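# Per-entry structural report
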Protein chains: 2
Amino acid sequence: MDLRTATEIGKCLSNQTRMQIMEWLKEPAKNFPPHETLKHFNDGVCVTYIQEKAGLSQSTISTYLTNMEKCGLLISTRHGKWSYLKRNEEVIKRFTDFIS
Amino acid sequence: MDLRTATEIGKCLSNQTRMQIMEWLKEPAKNFPPHETLKHFNDGVCVTYIQEKAGLSQSTISTYLTNMEKCGLLISTRHGKWSYLKRNEEVIKRFTDFIS
DNA sequence: TTTACATATCGCAAATTATAGATATATTTG
DNA sequence: CAAATATATCTATAATTTGCGATATGTAAA
């Protein structure tokens, strides 16, 4: 991982809501209600659930999640009209290795 | 580590210069000239050397380093008129464990 | 093919952060 | 004690980020 990428990830982790989302996504089943259409959390959690739990506006959370995906922290998968977000453990590992 | 502390550390790592300082401090002898009075890097690197290498003003770097110490990322030790900064590996470990 | 729903993007005002110069404080040295 | 040096703090302005409402886009259902 290079300095620029690591700093972009640092920016995502410089806000309490975003840091909290990273924590919540460690245990989707514990932190979110079950998905009604998809019966699993294999691809993570849908944007709406994250937004409701965070308590910020839809546009704000959408922007957060988009940026977190752009820097590699999250992986986004679309199923129908829903987007699901999960942690990208490989990138997280590269980041923690970089700063350690 | 709690969410608030982790986010404070995230803020320190959200700026390229500060991230770079963390990297430089991994290998003081490789990245900085030897100290003329102190003959070692046991307590890290003096503020002046970090400031010169970063190329920002003395006040800016001093503020950076103070904040990095406050959130636990760095340990500051004074020897005479110089302050030396080194990485706080224990806190860094707690941070990487938190986000992993 | 409308309509409804889920998510993304745009544009803006408010809050926060970045950064520097001036100044203060601490420490050593003459 | 006075001067010199290293670092810290204060104040101010520029730049960035936050977070929202409005609007656009994508997708499925009626």
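Residues numbered from 1 in each chain as written. Chains lettered and ligands numbered in written order. Predicted model: local features only at pLDDT ≥ 70, side-chain atom pairs only at ≥ 80, totals over all residues. Heavy atoms only, no water.

## Describing the interface of chain A and chain B
The following threshold applies: Residue contacts are defined here by distance: any two heavy atoms, one from each residue, within 4.5 Å place the two residues in contact. In short, buried area is how much 1.4 Å probe accessible area vanishes from two parts on joining, totalled over both. Salt bridge, as used here, is a side-chain nitrogen of Lys or Arg placed within 4 Å of a carboxyl oxygen of Asp or Glu. N or O atoms closer than or at 3.5 Å make up a polar contact, with two conditions inside protein: a donor-capable atom paired with an acceptor-capable one, and, for residues adjacent in sequence, both atoms drawn from side chains. Secondary structure follows DSSP: runs of H or I at least 4 residues long count as helices, runs of E at least 2 residues long count as strands, and numbering of each begins at the N terminus. Three classes are used, and their members are as follows: Ala, Val, Leu, Ile, Met, Phe, Trp, Tyr, Cys and Pro are nonpolar, Asp, Glu, Lys and Arg are charged, and the others, Gly among them, are polar.
Listed per partner, the contact involves 22 residues of chain A and 22 residues of chain B. Both sides of the chain A and chain B interface together cover about 1,900 Å² of buried area, and 64% of this is carbon and sulfur. The interface formed by chain A and chain B holds zero salt bridges in total. The interface formed by chain A and chain B holds six residue pairs in polar contact (both at pLDDT 80 or more) in total. Breaking the side of chain A that touches chain B down by element, the ones donating at least two residues are α1 (3–12), α2 (16–24) and α6 (89–99) of chain A. Across the side of chain A that touches chain B, the residue classes break down as eight nonpolar, eight polar and six charged.

## A few points about the protein's contact with DNA strand D
Rule in force here: We call a residue near a molecule or strand when any one of its heavy atoms sits within 4 Å of it.
In the neighbourhood of DNA strand D, 22 residues make up the surrounding shell, with Ser57(A), Thr60(A), Tyr64(A), Thr48(B) and Gln58(B) lying closest. Each atom of DNA strand D within 4 Å of the protein was classed as base or backbone; sugar and phosphate made up 65%. Within the side chain of Arg18(A), one N or O atom sits 2.9 Å away from a phosphate oxygen of DNA strand D. The contact in question runs from a phosphate oxygen of DNA strand D to an N or O atom on the side chain of Thr60(A), over 3.1 Å.

## Brief notes about the protein's contact with DNA strand C
The local shell around DNA strand C holds 23 residues, among which Thr48(A), Gln58(A), Ser57(B), Thr60(B) and Tyr64(B) are the closest. Atoms of DNA strand C within 4 Å of the protein: sugar and phosphate make up 66%, bases the balance. Between DNA strand C and Val47(A), the relevant distance is 3.5 Å, taken from a phosphate oxygen to a main-chain nitrogen or oxygen of the residue. Gln58(A) is positioned with one of its side-chain polar atoms (N or O) 2.8 Å from a base nitrogen of DNA strand C. Mapped by element, the contributors of at least two residues to the surface near DNA strand C are α4 (47–54), α5 (58–70) and β3 (82–87) of chain A together with α5 (58–70) of chain B. If one sorts the elements of the surface near DNA strand C by residue count, α5(A) sits on top with five residues. Of the residues contributing to the surface near DNA strand C, the split by class is five nonpolar, 12 polar and six charged.

## Focus on the UniProt feature "domain: HTH arsR-type" (unreviewed entry) in chain A
Put simply, the rule is: UniProt positions are given in the numbering used here, feature names are shortened, and annotations may be inferred rather than shown by experiment.
Here, UniProt's "domain: HTH arsR-type" (unreviewed entry) annotation points to residues 1–100 of chain A. Taken end to end, residues 1–100 of chain A comprises 55% helix and 14% strand; its first and last C-alpha atoms sit 12 Å apart.

## What to know about the packing of α2(A) against helix α1 (residues 3–12) of chain B
Spelled out, the test is: Helix axes are fitted to C-alpha atoms over the stretch in contact, other axes to C-alpha atoms as well, and angles between N-to-C directions run from 0 to 180 degrees. By definition, any crossing whose near helix is turned counterclockwise from its far helix by less than a right angle is left-handed, and any crossing with a clockwise turn is right-handed.
Viewed as axis vectors pointing N to C, α2(A) and α1(B) meet at an angle of 115°, and their least axial separation amounts to 9 Å. The two elements α2(A) and α1(B) meet at a crossing, and its hand is right-handed. Here Gln16(A), Met19(A), Gln20(A) and Glu23(A) of α2(A) lie close against α1(B), whose contacting residues are Leu3(B), Arg4(B), Ala6(B) and Thr7(B). Residue classes in the contact of α2(A) with α1(B) are distributed as three nonpolar, three polar and two charged.

## Overview of empty space enclosed by the protein
Think of a ball as big as a water molecule: rolled over the atoms, this probe shows where empty space is left. Threshold: A cavity here means a set of 1 Å grid points, computed over protein atoms only, where a 1.4 Å probe fits but cannot escape. A pocket is an open set with protein on both sides within 12 Å along at least 5 of 7 lines, and lining residues have an atom within 4 Å of a point. Grid points are joined across faces, edges and corners, and a volume is the space filled by probe spheres set on the points.
For the structure shown, the criterion picks out one cavity of 30 Å³ or more. Counted as a void, the largest cavity has a volume near 40 Å³. In terms of lining residues, the largest cavity is bounded by Ile99(A), Ile9(B), Leu13(B), Met22(B), Leu73(B), Ile92(B) and Phe95(B).

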